[in-house]
Amino acid sequence: MKTPLTVAYGGGTNSSAMLIEMEKRKVVPDLILFADTGGELPETYEFIANFSKWLVSKGMPEITQVRYARETLEENCLRSNILPSLAYGFKSCSLKYKVQPQNKFLNNWQPAKDCWQSGGRVLKLIGYDAGEARRAKDYDDKKYIYEYPLVRWGWNREKCVQVVTEAGFKPAKSSCFFCPAMRKTEVLQLSKTHPDLARRAVLIERNARLKKIKGLGRNWRWEDLIRSDESQTRLFDDLPDPVPCGCYDG
Ligand code: SF4
């Protein structure tokens, strides 16, 4: 019995680089799965659609999208007055919205069922890069064998960016637009490029009943950061454009 080869595709630079290299090496997976939390940036959805077409044009399978059926992560946070669990130091948002929908799909996928029935395990490739080798764990799992090709190839983030760029795509990180792992610079960037999404993230934050943490930044609130940035920007609104430097002598 052939071991089914599946890819847990994350929609970002690393797992895209992994697939580009697999195509180059003519390693064709049986299934590429992407779990959609419902909170990716519009450009990420666009990228995934284009990347999927590119894969098909190269004889690879299209990207199969799966979702937690009941509601998006944003809806879940709003309904339950909570933040994504990462804000409290747990990973259940990723387990519930990323890992479980993929596993559920695989539980009903015939090649996986046949494989398990004959006592085998399904091979799952994950795109952690060499700089994240500590995440590449050798799980003792009855159903899956986990493999981390980028770690094996010694590909770091820079190498992945280069490979994705050379294939004609714009490298970008994939994550929920309200992810508590976002750095302050990324939050400010979001408020400028996608003010509507930043507003929705702030709504999640305002709506959450918090005791031990302050907001999406855990010990700081996204709303405060965005507000203080806006008021600082306003300070400069009255200045002539271009702003003369201190040693300007007209
Ligand atoms: S991207 Fe962030 S918020 Fe979204 S599921 Fe993953 S850890 Fe949770």
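For the structure, see preceding data.
Residues numbered from 1 in each chain as written. Predicted model: local features only at pLDDT ≥ 70, side-chain atom pairs only at ≥ 80, totals over all residues.

**Description of the overall build of the protein chain**
The condition is simple: Here a helix means four or more residues in a row that DSSP labels H or I, a strand means two or more in a row labelled E, and each is numbered from the N terminus. Field definition: a residue is buried when 20 or more other C-beta atoms are found within 10 Å of its C-beta, exposed when 12 or fewer are, and partly exposed for counts in between, with C-beta atoms placed from the backbone. Whether two residues are in contact depends on their C-beta atoms, placed from the backbone: they are in contact if these lie within 7 Å.
In terms of helices and strands, the protein chain carries 10 helices and five strands. Taking the principal axes of the C-alpha coordinates as reference, the protein chain spans close to 80 × 45 × 30 Å. The buried share of the protein chain, reckoned over its 250 residues, is 32%. Long-range pairs, those at least 24 residues apart, make up 70% of the contacts in the protein chain between residues at least 6 apart in sequence.

**Focus: the sheet that holds strand E1 (residues 5-9)**
Two orientations exist for strands paired in a sheet by backbone hydrogen bonds: parallel and antiparallel. Which entries qualify depends on this criterion: One requirement defines pairing of two strands: DSSP has to find at least two bridges between them. Helix axes are fitted to C-alpha atoms over the stretch in contact, other axes to C-alpha atoms as well, and angles between N-to-C directions run from 0 to 180 degrees.
Reading across from one edge, E3-E2-E1-E4-E5 is the order of the five strands in this open sheet, with parallel pairing throughout. Each having just a single partner strand, strand E3 (63-67) and strand E5 (144-147) make up the two edges of the open sheet. When strand polarity is set aside, the average angle formed by the axes of neighbouring strands in this sheet is 30 degrees. Two strands pair when backbone bridges link them, and E1 and strand E4 (residues 122-126) are joined in this way by four bridges, in the parallel orientation. Counterpart to valine 7 in the pairing with E4 is leucine 125.

**Describing the site of the ligand**
Filter applied, for reference: Any residue qualifies as near a molecule or strand once its backbone-derived C-beta atom lies within 6 Å of it. All amino acids are sorted into three groups, where Ala, Val, Leu, Ile, Met, Phe, Trp, Tyr, Cys and Pro are nonpolar, Asp, Glu, Lys and Arg are charged, and the leftover types, Gly among them, are polar.
Close to the ligand lie Thr37, Leu73, Pro84, Leu86, Cys93, Ser94, Tyr97, Lys98, Ser175, Cys176, Cys179 and Ala181, which account for all nearby residues. Among the elements that line the shell around the ligand, the one with the most residues is helix H4 (residues 92-107), at four residues. For the shell around the ligand, a count of residues per class yields eight nonpolar, three polar and one charged.

**Examining the environment of asparagine 14**
Along the chain, the position of asparagine 14 falls in helix H1 (residues 13-24). As for asparagine 14 and asparagine 156, which are separated by 142 residues in sequence, their C-alpha atoms are 8.7 Å apart. Look past the residues within four positions of asparagine 14 in its chain and what remains in contact with it is Gly127, Tyr128, Asp129, Leu150 and Cys160.

**Some points on H1**
Defined as follows: Take the number of residues in a helix, subtract one, and multiply by 1.5 Å to get its expected span.
The terminal C-alpha atoms of H1, which comprises 12 residues, lie 16 Å apart, in line with the 16 Å expected from a rise of 1.5 Å per residue. Counting buried residues along H1, nine of its 12 residues qualify, which places the element largely inside the surrounding structure. Residues of H1 that are buried include every one of Thr13, Asn14, Ser15, Ser16, Ala17, Met18, Leu19, Ile20 and Met22, and no others. At its buried positions, H1 is contacted by E1, helix H2 (42-57), E4, helix H6 (149-153) and helix H7 (157-166). Of the residues one or two after H1, lysine 26 is the one with positive phi, at around 60 degrees.

**Quick word on the packing of H1 against H7**
Spelled out, the test is: Relative orientations are named as follows: roughly parallel for angles under 35 degrees, roughly antiparallel for angles over 145 degrees, roughly perpendicular for angles from 65 to 115 degrees, and oblique for any other angle. Should the near helix be turned anticlockwise from the far one by less than a right angle, the crossing is termed left-handed; should it be turned clockwise, right-handed.
Running from N to C, H1 and H7 cross one another at 60 degrees; their axes reach a closest spacing of 8 Å. The angle between the axes of H1 and H7 places the two elements in the oblique class. Judged by the sense of rotation from one axis to the other, the crossing of H1 with H7 is left-handed. Here H1 contributes Thr13, Asn14, Ser16, Ala17, Ile20 and Glu21 to the contact with H7, which in turn contributes Cys160, Val161, Val163 and Val164. Its residues assigned to classes, the contact of H1 with H7 shows six nonpolar, three polar and one charged.

**Quick word on unusual backbone geometry**
If you check the backbone angles, lysine 26 has positive phi at about 60 degrees while not being a glycine. Residue classification places lysine 26 among the exposed residues on the basis of 9 C-beta atoms within 10 Å. The phi torsion at arginine 218 lies on the positive side, around 70 degrees, for a residue other than glycine. Along the chain, arginine 218 turns up in the loop between helix H9 (195-207) and helix H10 (222-235).

**Some words on H2**
Owing to its 3.6 residues per turn, the α-helix aligns residues three or four sequence positions apart on the same side. Stated formally: By arc we mean the arc of the directions from the helix axis to the C-beta atoms, nothing more.
The terminal C-alpha atoms of H2, which comprises 16 residues, lie 23 Å apart, in line with the 22 Å expected from a rise of 1.5 Å per residue. Residues of H2 that are buried: Phe47, Ile48, Phe51 and Leu55. One side of H2 carries all its buried residues, which in axial view fall inside an arc of 100 degrees. Exposed residues lying more than 90 degrees from the buried face of H2 are Pro42, Glu46, Asn50, Lys53, Val56 and Ser57. In this fold, the buried residues of H2 make contact with H1, strand E2 (31-36) and E3. Trailing H2 by a residue or two, glycine 59 shows a phi angle of about 85 degrees, which is positive.

Interpretation note: all reported values are geometric properties and have no functional meaning in isolation.
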